[in-house]
Amino acid sequence: MGKAEIREQYKHAVLDNGYTSNLVDKSLKMLKAGSNTVYIDLCLLNNKKVVRKICYSKGMYTREKRNYIRLADCDHVPALVNFEDDTNTLIIEYSGKSPANMFKWNLEREVYLPLVKTAYYDMYENYGLHHNDLKWKNITIMDNVAYLIDLVRSDYILADQD
C-alpha cells in the first residue's frame, strides 16, 4: 500500500471514526501533508487553534516529539501541547501561516529572511540544534515572529545539505 492510500485511510479514520478525537475539540481544515506526515489538520482545542499531526513511523514521531520537548522554551518553535504515542500523534500550538503559502515568488518571501535568521540562530545558539530541513514550508509567521516547524530532522549535528 502506497503513501496516498495510507493517507486516505487515516483521513477517513480521523474524520469519520473520531481517531485521536480525544486530543482536540474540533477539526477546522485539512492541511497539506509532508513526507513524514500521514495526516495533518488545523483544529480547535479549548477555543485555541492547534495543529494535529499524525506521523508515518514511530521512529520519526519519537524524534520529532523529542525535539519539540527539547525546544519547549524556544521562542521560535511552537509549543507541543499534547501527544499520543499509540497513534504517533502530535498536537502542536498553531504558529501562523507559511510564507510558502502566502507568496508565490521567493522575492516576496525575502522580507521574512531577518525573522527566519533570528529563529534559526536562537535554535542553534541557545539549544545547539540545527533544523536540517530549513525551507519556506517549514517556517511559519505570526505576529511578526518566525517559527520553525517540522523538527523531525533537527539534530545536534549539521546534516550534509546541498
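The following refers to the structure shown. Just so it is clear, the structure is predicted and the values come from calculations on it, not from any experiment.

Moving on, we come to the nonpolar core. Tyr68, Leu71 and Ile139 are the most contacted members of the largest nonpolar core, which totals 21 residues. Mapped by element, the contributors of at least two residues to this core are α2 (58-70), β5 (89-93), α5 (113-127), β6 (139-142) and β7 (145-148). Take this core: its biggest share by element is three residues, from α5. Ignoring sequence-local partners within four residues, the contact set of leucine 71 consists of Val77, Met123, Tyr127, Leu129 and Leu151. Within the second largest apolar cluster, five residues are counted, among which are Val24, Cys43, Leu45 and Ile91.

Tallying each qualifying case throughout the model produces one aromatic pair. Ring centres of tyrosine 120 and tyrosine 121 lie 5.8 Å apart, and the angle between their planes is 80°; on these two criteria the pair is classed as edge-to-face.

For the rest of this paragraph, the subject is the sheet that holds strand β2 (residues 37-45). Judged by pairing direction, the sheet is antiparallel, and its five strands sit side by side in the order β1-β2-β3-β5-β4 without closing on themselves. In this open sheet, the two edge strands, each paired with only one partner strand, are β1 (26-30) and β4 (80-84). Neighbouring strand axes in the sheet, compared pairwise and without regard to direction, differ in orientation by 25° on average. Where β4 and β5 come together, four bridges link them in antiparallel fashion. Following the sheet pairing, leucine 80 is matched in β5 by isoleucine 92. Of the strands in this sheet, β3 (48-55), β4 and β5 touch α2, which is tilted by about 150° from β4.

What follows concerns unusual backbone geometry. Look at asparagine 88: it is not a glycine, yet its phi comes out positive at around 55°. The phi angle at aspartate 150 is positive, at roughly 60°, despite the residue not being glycine. Among the structural elements, aspartate 150 can be located in the segment after β7. Judged by its relative accessible area of 18%, aspartate 150 is buried.

What counts and how
- Per-chain numbering applies: the sequence of each chain, read as written, is numbered from 1 onward.
- The predicted nature of this model means local features are confined to residues of pLDDT at least 70 and side-chain atom pairs, given and counted, to a pLDDT of 80 or more, with totals for whole chains, interfaces and linings taken over all residues.
- The basis for the side-chain values is all heavy atoms of the structure; hydrogens and waters are excluded.
- Note on terminology: a nonpolar core comprises buried Ala, Val, Leu, Ile, Met, Phe, Trp, Tyr and Cys residues joined through side-chain atoms within 4.5 Å.
- Working definition: with a 1.4 Å probe on protein chains only, accessible area under 20% of the residue-type maximum means buried, over 50% means exposed, and in between means partly exposed.
- By the criteria applied, helices consist of DSSP H or I runs no shorter than four residues and strands consist of E runs no shorter than two, each listed in order from the N terminus.
- Contacts are assigned to residue pairs with any non-hydrogen atoms lying within 4.5 Å of each other.
- Each pair of aromatic rings taken from Phe, Tyr and Trp, with Trp reduced to its six-membered ring, is defined by centres within 6.5 Å and is described as stacked if the planes are under 30 degrees apart, edge-to-face if over 60, and tilted in the remaining cases.
- Pairing between two strands requires that DSSP report at least two bridges joining them.
- Axes here refer to lines fitted to C-alpha atoms; in helices the fit is confined to the stretch in contact. Angles between the N-to-C directions go from 0 to 180 degrees.

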